[in-house]
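Single-letter residue listing:
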Amino acid sequence: MPGHAVKALSAKSSQVKTVAMKRSFAAAKIDRLTADFLTTAVSIDQELRSDLDRLRQRGRQLSKDNDYARKFLNMVVRNVVGHSGFMLQARAEDAPNVADSLARAAIETHFARWARLGVCDVTGRMSFADIQRLLMRTVARDGEALVLELRGAAAGNKYGYALQVLDVSRLDIVTGK
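Scoring rules and cut-offs
Each chain carries its own residue numbering, running from 1 in the direction its sequence is written. With pLDDT at 70 or above as the cut-off, local features in this predicted model cover only qualifying residues; side-chain atom pairs require 80 or more to be listed or tallied, and sums for whole chains, interfaces and linings still use all residues. Side-chain numbers come from the whole structure's heavy atoms, not from hydrogens or water. Without a salt bridge and with relative accessible area above 30%, a residue can belong to a patch; like charges are then joined within 9 Å and nonpolar side chains (Val, Leu, Ile, Met, Phe, Trp, Tyr) within 5 Å. Computed with the Shrake-Rupley method and a 1.4 Å probe, the accessible areas treat only the protein chains shown as cover for residues. The salt bridge criterion pairs a side-chain nitrogen of Lys or Arg with a carboxyl oxygen of Asp or Glu, the two atoms within 4 Å. Runs of E in the DSSP output that reach at least two residues are strands. Runs of H or I that reach at least four are helices, and both are numbered from the N terminus. Between the N-to-C directions of two axes lies an angle of 0 to 180 degrees, each axis being a line fitted to C-alpha atoms and, for a helix, fitted only over the stretch in contact. Here the angle decides the label: under 35 degrees means roughly parallel, over 145 means roughly antiparallel, 65 to 115 means roughly perpendicular, and every other value means oblique. Here a residue-residue contact requires only that any non-hydrogen atoms of the pair lie within 4.5 Å. When residues are grouped by polarity, Ala, Val, Leu, Ile, Met, Phe, Trp, Tyr, Cys and Pro land in nonpolar, Asp, Glu, Lys and Arg in charged, and all others, Gly among them, in polar. Only protein chains enter the area calculation, which uses a 1.4 Å probe; residues under 20% of their type maximum are buried, those over 50% are exposed, and those in between are partly exposed. What makes a nonpolar core is a set of buried Ala, Val, Leu, Ile, Met, Phe, Trp, Tyr and Cys residues whose side-chain atoms join them at distances within 4.5 Å. In this scheme the handedness of a crossing depends on how the near helix is turned from the far one: anticlockwise by less than a right angle means left-handed, clockwise means right-handed. The predictor rates its confidence in each residue with pLDDT, a number between 0 and 100.

A.B. asks: Could you give an account of a nonpolar patch on the surface, naming the residues involved and the relevant values?
C.D. replies: Side chains of I44, L48 and L55 sit close together on the surface and give an oily, nonpolar patch of about 270 Å² of accessible area. Topologically, L55 is positioned in helix α1 (residues 44-65).

A.B. asks: Provide a residue-level description of the packing of α1 against helix α2 (residues 67-80), including the pertinent values.
C.D. replies: Where α1 contacts α2, the axes come no closer than 6 Å and their chain directions differ by 100°. Between α1 and α2, the angle falls in the class roughly perpendicular. Here α1 contributes L62, S63, K64 and D65 to the contact with α2, which in turn contributes D67, A69, R70 and L73. Partitioned by chemical class, the residues of the contact of α1 with α2 number 3 nonpolar, 1 polar and 4 charged.

A.B. asks: How would you sum up the pattern of salt bridges? Please name residues and give values.
C.D. replies: One pass over the full model with this rule turns up 10 salt bridges. Between D142 and R60 there is a salt bridge whose closest N-O contact spans 2.7 Å. Linking D142 in helix α4 (residues 128-142) with R60 in helix α1, this pair joins segments that are 82 residues apart in sequence. R60 matches D142 in its accessibility class, with the two residues each being buried. Residues E149 and R151 are paired through a salt bridge, measuring 3.5 Å at the closest nitrogen-oxygen approach. Look at E149 and you get partly exposed, because its relative accessible area is 43%. Where salt bridges share partners, they join R60, R141, D142 and D167 into one cluster.

A.B. asks: Can you tell me about the nonpolar core, naming the residues and giving the values?
C.D. replies: If you look at the biggest cluster of nonpolar residues, it comprises 8 residues: F111, W114, A115, C120, M126, F128, I131 and L163. For this core, the elements supplying multiple residues, two or more each, are α3 (101-114) and α4. Not counting residues within four places of it along the chain, the set of residues in contact with W114 comprises V119, C120, F128, N157, Y159, Y161, A162 and L163.

A.B. asks: Tell me about the packing of α2 against α4, residues and numbers included.
C.D. replies: At a closest axis distance of 9 Å, the pairing of α2 and α4 adopts a crossing angle of 135°. Comparing the axis directions of α2 and α4 gives the class oblique. In the packing of α2 onto α4, the handedness of the crossing is right-handed. Taken together, the residues of α4 that come into contact with α2 (itself represented by F72, L73, N74, V76, V77 and V80) are R133, M136, R137, A140 and R141. Grouping the amino acids of the contact of α2 with α4 by side-chain chemistry returns 7 nonpolar, 1 polar and 3 charged.

A.B. asks: Explain the confidence of the model for the protein residue by residue, including any values.
C.D. replies: Mean pLDDT over the protein stands at 87; residues scoring 70 or higher make up 86%. Of the regions scoring below 50 in pLDDT, residues 1-6 engages in 12 contacts with residues more than four places distant in sequence or in other chains.

Put into structure tokens, the structure is as follows:
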């Protein structure tokens, strides 16, 4: 029987009965436990337009008031970013499969200098590791993060590149701007 599963059931007698069962997902089953489980047939974008602000506000409130939520966020930051954060490991080569040790050292040295407190962040209050921890916490709590890259003189440092972490609640959800 195409599209159906066949299940053999044995009775107390030696007789075997076959019953056709319709295929379905267990998660879609409707029973006394799932009868009031509301579902919608709209896209996730449509759902988020109406609920995103409230979901974000509740997540932020939980992170302030709930010990479990705070512990979760701390664990995410500690286990994903760690104490030192992500660092650059240069792979510059003189020729294919021939490492350029001088270039690698120079790139990594200047990246480490850029990543210091007061250089990579446009406000001058965070290091690159601090930005990573803030972004990881924000993504775990709000579901998203927003970073503006500043280049040239606007960066305000000798490298001409800085990051500015923005609050995602500044975005207009209705228009998407």
